[in-house]
Amino acid sequence: IREMADSRVERDAITCSAAVSACGRGGQWVEALQLVREMAHSRMESNTITYSVAASACDQGDQWVQAPHQCICWPSTFPIVR
């Protein structure tokens, strides 16, 4: 997120969700969740797409059950299959 600011890329739910999605497609589910955490710590708004692509990143990393529980910023209203 810091690099986005340095590059003058607008930091919002759309650009961050795209970055989370790119991490997932690259098999970097840990980094995808880290971006979601950074969004929360920066008080950036996230949306359903953000959490959907984060869940997809976890799925692509075969972490679809464990990884969401590691993300402290996961909203309580987002359904997690247990």
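Structure first, text after, so check above.
Rules and cut-offs
Residues numbered from 1 in each chain as written. Predicted model: local features only at pLDDT ≥ 70, side-chain atom pairs only at ≥ 80, totals over all residues. Heavy atoms only, no water. Helix = DSSP H or I, 4+ residues; strand = E, 2+ residues; numbered from the N terminus. Buried < 20%, exposed > 50% of the residue type's maximum accessible area, 1.4 Å probe, protein only. Contact = heavy atoms within 4.5 Å. Polar contact = N/O pair within 3.5 Å; in protein donor to acceptor, adjacent residues only side chain to side chain. Expected span 1.5 Å × (residues − 1).

(A) Highlighting the environment of asparagine 47. Looking at the element boundaries, asparagine 47 is found in the loop between helix H3 (29-41) and helix H4 (48-60). Judged by relative accessible area, which is 28%, asparagine 47 ranks as partly exposed. Each C-alpha atom, one on asparagine 47 and one on serine 17, is 8.6 Å from the other, the two residues being 30 residues apart in sequence. The residues contacting asparagine 47, other than those within four sequence positions of it, are Ala13 and Ser17. Within the structure, asparagine 47 has its side chain in polar contact with the backbone nitrogen of isoleucine 49 (distance 3.0 Å).

(B) The arrangement of H3 in detail. Look at H3: 18 Å from first C-alpha to last across 13 residues, which is about the 18 Å you get at 1.5 Å a residue. Those residues of H3 lying buried are Trp29, Ala32, Leu33, Leu35, Val36, Arg37 and Met39. Following H3 by one or two positions, arginine 43 adopts a phi angle in the positive range, close to 60 degrees.

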